[in-house]
Structure formats: structure tokens, C-alpha cells
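# Summary of structural features
Here's the letter readout for the chains.
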Amino acid sequence: MEYGLHCESVSCSKGLIVLLLMLMHGGSRATREEFIQALLIDYDSRIQPNFENDSYTDVNVSLFINSVDSISEQTMDLKLNMFIQQEWIDERLQFYGLIDSAFLELDSKLIDLIWVPDLYVTNEKSASFHDVTVPNKMLHLYENGRIVYRLRASITAACPMKLHKYPLDSQVCALYIQSFAFTRNNLRFRWRKVNPIQTNENMELPQFELREHHVSECLSFGGDTEGNFTCIQLQMSFNRNIGYFVIQVYIPTILIVLLSWVSFWLSIDAVPARISLGILTVLTLTNQRTNMASSVPQVSYIKALDVWMAVCLGFVFAAMLEYALVNVMERKDVQKSDSFDPDLSKVKVQKRGEQIDRISRLAFPLVFLGFCALYWIVYTV
């Protein structure tokens, strides 16, 4: 059905069209299909609401975070799947009592005929919309001109991280939402007053736990130093679960350090055993440190994991040097004792070596326990 009646005023055109429809149906209300066609005849989706009134349009934004797919330290980004909902008033689409419904549910194909805000995520690296089996978009049009627009998107956003306490760290990632073309004079985003952020109750992350989230307004980005463009932000605080690192890093390294202390209980004469044990523990810890270095970000500052691995390697290396010191002292004492009493030289050396081993048996564990306590206090408080 074609409608060719137009008027300079949008409200006038709408009223005349509705009147024409009612006359064509004997004074009864128009069908929904005919009403939608008539409603959009003189509607221009290229012009934002309140354009003629020289005022801005308020858009209430809310997010439902369906899942956080990954938080990568290597690329410093956050990948999440979410539903973005926007609500605003477009008085050009009011239809009080003109049809037998309080609102209309429009198909995704009709959404292109309605003006929607040019929302974009400023710190987004890549994004995609979902279209299985149809584009995941919906638009509800209420009789007072209120529009609810909802879509599903997957977004990878930049998340600069401070990894000084890695892996005992917590991170704060943010999403910055702006209008790309409209200044604050024409469009303003605001967080919905009631439950602006909702999360999936079954959402789980492999290494992180979403602790809290906070919404607020922000300064605009994209080279706009004067803040003319509307901007809102969502900050999400994540706590890293250290269970993986306890099992894969901390417990194995502690066991390797403990293994290096076995040499303190071996005989001084057991040269092959003590040397082999020292070399084995040093190489094992070095290899583990190399493997861990390949899986963590290459930052220029020292991380908590670097401190742990370096100190553990230092303890293992010190245990090996302890036997080297005992062996050097043994040879010197033998040379000195041979000039006086060759029969007593071996006894004196063994007593001195055993004394050093006894001191090491107590000193190494105490120092290591002190380091562990200091380490966890500094990096967890």
C-alpha cells in the first residue's frame, strides 16, 4: 500500500497519515503493518532526535556481560562477550493509542530505518557482531517514543596492566564508551540508574575472578582535548587466582631448593654425589625459569615471579658453592696438616667440614623461610 501524503511538519504528516489510514478502514484503527509503513514514511533515520529543538538526546546505556573469554598479559587486552542495551526517547515515533499495543517489536531489517546512537568502544582493538542464525539485534518501540535497542557483540579491548606483582597481582580493565560523531550538544551517554552492569552468574575465568565493577563518566578520547564528546566508562577489577602458579611454579621450585639441601647430609668424601646433586638442581631450576619466561610478558621491570625464581636459583647455587668451599678448605688444611701431623689432618678436616655442613643445615632453611615470609607479605598485602 502506497502513502504519498506529506507535510512540512513531522507531527502534521504523521497525523494526516494516521487519519488517512483510519478513513480507509472505516474509522477503525490501522493494522500494525500499515501503521509501521505509515510511521516511517516521513521519518529520516539520518537525523538524530531533538535536532530541530537544538537540544541533546539522552541515551541510557546498560551492559550484560555474558562471558569474559580471556585476559591476556602477552597482548595486554581483554576479550569479552556482552549485550549492549541503549534506551532513548524519539518523539517523532510517538503513537499514543493509535494501535492496540503499547509497544512494537521491530525486526533487525527494520532497525536500519530507525536512528540509533553511534556508540563505539574507544579502547577496542577488534570487535564483531553475532549473526547466527540471524543478526543478534532487537529494537522495541514504545508508544511514548521510547526506544530500547539491544545487540550482542564480542569485543577485544586494550587493557594496560601493571605486572610488578605478577602472578600475585590484581588488574583493572576498563571499557570507554563514546559517541564518534556527535558532541555533547547533540548526544549524551549515561549509565542506566538501575543495574547498569549485569554479569552471567555462571561466568568463570581460568585464572581471574571478577571482584567488582564500577561505572562513571570519563574524559573523551580520540584527540579531543576539550572533552566535547560524551564518554562513560566501566572499570572491572580482577583478582588473579594463584592456584595454577602454586602447583606449577611455587611447589616445584620449593622442592628443588629442598633437594639441594640434601648434600649437607652427605659425606664430604662423596664428591660425585654432591657435585651431581648440585649441578642437577641448578640445571633443573634454570630450565624451569626459562620455560616460565617464555609464557609471561616481556616487560622491562622486575616481576614478583622473577624475584622468586632468582632467589630460588640463588639458594640452589649457594648450596653448590657451599660444598665447593668445604672442598677448598679441605685441600688447604690437608696441606697444612701434612707438615705437622699427617695422621691428624683428615680428622681435623672432617670436623671442620662437618661443622660447616651443620651450620648450613640450619642456616639455609631459616634464611629461606624468612625470604618466603617476606615475599608473601610484600606481594600479597
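Residues numbered from 1 in each chain as written. Predicted model: local features only at pLDDT ≥ 70, side-chain atom pairs only at ≥ 80, totals over all residues. Heavy atoms only, no water.

### Looking at the overall build of the protein chain
- Within the protein chain one finds seven helices and twelve strands.
- The buried share of the protein chain, taken over its 381 residues, is 40%.
- Excluding contacts between residues fewer than 6 apart, the proportion of contacts in the protein chain whose partners are at least 24 apart in sequence is 77%.
- Surface accessibility of the protein chain: about 21000 Å² in total, with carbon and sulfur atoms responsible for 57%. (Helix = DSSP H or I, 4+ residues; strand = E, 2+ residues; numbered from the N terminus. Buried < 20%, exposed > 50% of the residue type's maximum accessible area, 1.4 Å probe, protein only. Contact = heavy atoms within 4.5 Å. Areas by Shrake-Rupley, 256 points an atom, 1.4 Å probe, with all protein chains shown as cover.)

### Describing the packing of aromatic side chains
- Tallied over the full model, the rule gives 23 aromatic pairs.
- Look at Tyr-166 and Phe-245: their rings are 5.6 Å apart centre to centre, the planes differ by 80°, and that puts the pair in the edge-to-face class. On the criterion of sequence distance, the pair formed by Tyr-166 in the loop between strand 7 (146-158) and strand 8 (170-179) and Phe-245 in helix 4 (residues 243-260) is long-range, its members being 79 residues apart. Each member of the pair, Tyr-166 as well as Phe-245, is classed as buried.
- Pairwise contacts between aromatic rings join Tyr-250, Trp-261, Phe-264, Trp-308, Phe-315, Phe-364, Phe-368, Phe-371, Tyr-375, Trp-376 and Tyr-379 into one cluster. (Phe/Tyr/Trp six-rings, centres within 6.5 Å; stacked < 30°, edge-to-face > 60°.)

### Describing the pairing of strand 9 (residues 187-191)
- Side chains of strand 9 alternate between two faces, with Leu-187, Phe-189 and Trp-191 buried and Arg-188 and Arg-190 left unburied.
- Here five bridges tie strand 1 (residues 57-72) to strand 9, and the two strands are oriented parallel to one another. By the bridge assignment, Val-59 is partnered in strand 9 with Phe-189. (Pairing = 2+ DSSP bridges.)

### Some thoughts on a nonpolar patch on the surface
- Among the surface-exposed residues, Val-271, Ile-275, Ile-279 and Leu-283 lie close enough to one another that they form a single nonpolar patch of about 310 Å² accessible area.
- Exposure remark for Ile-275: the relative accessible area of 32% places this residue in the partly exposed category. (Patch = residues over 30% accessible without salt bridge, like charges linked within 9 Å, V, L, I, M, F, W, Y side chains within 5 Å. Salt bridge = Lys/Arg side-chain N within 4 Å of Asp/Glu carboxyl O.)

### A few points about helix 4
- Between the first and last C-alpha of helix 4 there are 25 Å, a value that for 18 residues agrees with the 26 Å anticipated at 1.5 Å per step.
- Of all the bends in helix 4, the greatest, near 30°, is centred on Tyr-250, and the proline Pro-252 appears no more than four residues after it. (Expected span 1.5 Å × (residues − 1). Bend = angle between axes of the 7 residues up to and from the residue.)

### Considerations on the state of the cysteines
- Inspection of the entire model under this criterion finds two disulfides.
- Across the disulfide from Cys-218 sits Cys-231; the S-S distance is 2.0 Å. Between Cys-218 and Cys-231, the S-S dihedral sits near -80°, and the bridge is therefore left-handed. Within this pair, whereas Cys-218 is found in the loop between strand 11 (208-217) and strand 12 (231-240), its partner Cys-231 is found in strand 12, the two being separated by 13 residues in sequence. We note that Cys-218, like Cys-231, is buried.
- Cysteine pairing for the protein chain, with bonded cysteines counted in sequence order: 1-2, 3-4.
- Free cysteine Cys-312: the closest other cysteine sulfur is in Cys-372, separated by 6.9 Å. (Disulfide = S-S within 2.5 Å.)

### Some points on the environment of Tyr-379
- Looking at where Tyr-379 falls in the secondary structure, it is placed in helix 7 (residues 342-380).
- Of the residues examined, Tyr-379 reaches a relative accessible area of 17% and is grouped as buried.
- Measuring from C-alpha to C-alpha, the distance between Tyr-379 and Ala-304 comes to 7.1 Å, with 75 residues separating the pair along the chain.

### Structural notes on the pairing of strand 1
- Relative to strand 2 (residues 77-89), strand 1 runs antiparallel, the two sharing eleven bridges. Bridging across to strand 2, Phe-64 finds its partner in Phe-83.
- Here strand 1 hands over to strand 2 after four residues, with Met-76 in that stretch at a positive phi of 55°.

### Some points on the pattern of salt bridges
- Summed over the entire model, instances satisfying the criterion amount to twelve salt bridges.
- Residue Lys-125 is joined to Asp-77 by a salt bridge in which the shortest nitrogen-to-oxygen separation is 3.5 Å. With Lys-125 in strand 5 (residues 124-129) and Asp-77 in strand 2, this pair connects stretches of sequence that are 48 residues apart.
- On the basis of relative accessible area, Asp-77 is assigned to the buried category, the value being 10%.
- With a closest N to O distance of 3.0 Å, Lys-303 and Asp-306 form a salt bridge.

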